[in-house]
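# Remarks on the overall topology
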Amino acid sequence: MEIFHEHSWDLTIAEAKVVQEKLKNKVILEDQLPTINYVAGVDVSYDKQKGITQAAIAVLNFPQLELQTHALARCKTAFPYVPGYLSFREIPAILEALNAVTIQPDLILCDGQGTAHPRRLGIACHLGVLINKPTIGVAKSWLTGDYEQVPLTQGSWQPLTSEGETIGAVLRTRTGIKPVFVSPGHQISLPTAIRYTLACTSKYRLPETTRWADKLAALQ
DNA sequence: GCGACAG
DNA sequence: ATCTTGTCGC
């Protein structure tokens, strides 16, 4: 896995903020997708006792959404969880898992925000810019931004806005179920990110990619 | 100063 | 994220 914008992971919060301000200028919010044959979900779990971070990547074929392969990677937890800086805690392990997986995905769905972030560089953007690949942020809960009530029917969505700009969408993936927060990560537009999120979702609230990664990350 | 805060 | 039983509803 080639890294495009290498930087240290041994940083203070203030230094991490500088990295975010610099990398946000590298984010591409236009569609630059290849033919999508494989989609992946990434997720991270923690062993609080041992101070270990474990990342899982699940690669599914598209549009069938059947699990093709997966990889796990563990590394020492080196960064605390601070809202707005999640990527500095999770990406090191994710890069190792991506390095180990045998089928490189054409699109990655991340567990967390993309541009719906205080400095527009959520984990999906950060990962996408580093590996120069299309990514989408699909978060289970709110981090920042304002939005109106979302209609109850599946596929309905409302823009997530901040300071006059649209930074993502609150999307109802299942009728009557709590919506998810979708935002572009890298090399993708918001409408396309919404379309692929729905295309990767079948019977449950979360995309199949995320559900598989969640399940695999829980393995020890 | 007060409230909010992805995983 | 993680700690945790039963329970309401399709």
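For the structure, check the block above.
Below: a short report on this structure. Residues take numbers from 1 onward in each chain, read along the sequence in its written order. Chain A is the first chain written and ligand 1 is the first ligand written, with later ones labelled in order. The model is predicted, so local features are restricted to residues of pLDDT at least 70 and side-chain atom pairs to those at 80 or more, both for listing and for counting; the totals for chains, interfaces and linings are taken over all residues. Based on all heavy atoms of the structure, the side-chain values leave hydrogens and waters out of the count.

### Structural notes on the overall build of chain A
Our working rule: Helix and strand definitions here come from DSSP, where helices need a minimum of 4 consecutive H or I residues and strands a minimum of 2 consecutive E residues; each element is numbered from the N-terminal end. Here the radius of gyration uses the C-alpha set of atoms, whereas the globule reference equals 2.2 Å times the residue count to the power 0.38. For every residue, the accessible area obtained with a 1.4 Å probe (protein chains only) is divided by the maximum for its type, and the residue is called buried under 20%, exposed over 50%, and partly exposed between those limits. The contact rule is simple, with two residues in contact once any of their heavy atoms fall within 4.5 Å. Only the protein chains shown count as cover for residues, with accessible areas throughout obtained via the Shrake-Rupley method and a probe of 1.4 Å. By the counting rule applied here, Lys and Arg register as positive and Asp and Glu as negative, while His and the ends of each chain are not counted. For charged residues, the charge sits on one atom: NZ in Lys, CZ in Arg, CG in Asp, CD in Glu.
A count of helical and extended segments in chain A gives five helices and eight strands. If you list the helices and strands of chain A from N to C, you get α-β-β-β-α-β-α-β-β-β-β-α-α. Against the globule reference of 17 Å for 220 residues, chain A gives a C-alpha radius of gyration of 16 Å, in line with a compact fold. When the backbone C-alpha atoms are referred to their principal axes, chain A occupies close to 45 × 40 × 35 Å. The buried share among the 220 residues of chain A stands at 55%. Counting only contacts in chain A whose residues sit at least 6 apart along the sequence, the fraction spanning at least 24 positions is 64%. Split by element, the accessible area of chain A, about 10,100 Å² in all, is 51% carbon and sulfur. Where the 21 positive side-chain charges of chain A centre and where its 20 negative ones centre are 6 Å apart.

### Observations regarding the protein's contact with DNA strand C
What counts is decided by this rule: Residues are labelled near a given molecule or strand when at least one of their non-hydrogen atoms is within 4 Å of it. For the purposes of these results, a polar contact is taken to be a pair of N or O atoms within 3.5 Å, where, inside protein, one atom must be able to donate a hydrogen and its partner to accept one; residues adjacent in sequence count only when each atom of the pair is a side-chain atom.
Contacts to DNA strand C come from Ser-45, Tyr-46 and Lys-140. Backbone polar atom of Tyr-46 to a phosphate oxygen of DNA strand C: 3.4 Å apart, as the coordinates give it. A distance of 3.1 Å separates a phosphate oxygen of DNA strand C from a polar atom in the side chain of Lys-140.

### Notes on helix α2 (residues 86-100)
The condition that has to hold: To estimate the expected span of a helix, count its residues, drop one, and scale the result by 1.5 Å.
With 15 residues, α2 extends 22 Å from end C-alpha to end C-alpha; this agrees with the ideal 21 Å at 1.5 Å per step. Listing the buried residues of α2 in full gives Ser-87, Phe-88, Arg-89, Glu-90, Ile-91, Ala-93, Ile-94, Leu-95, Ala-97 and Leu-98. Summarising the contacts, the buried residues of α2 are in contact with α1 (13-23), β1 (38-47), β2 (52-61), β3 (67-76), β4 (107-111) and α3 (123-131).

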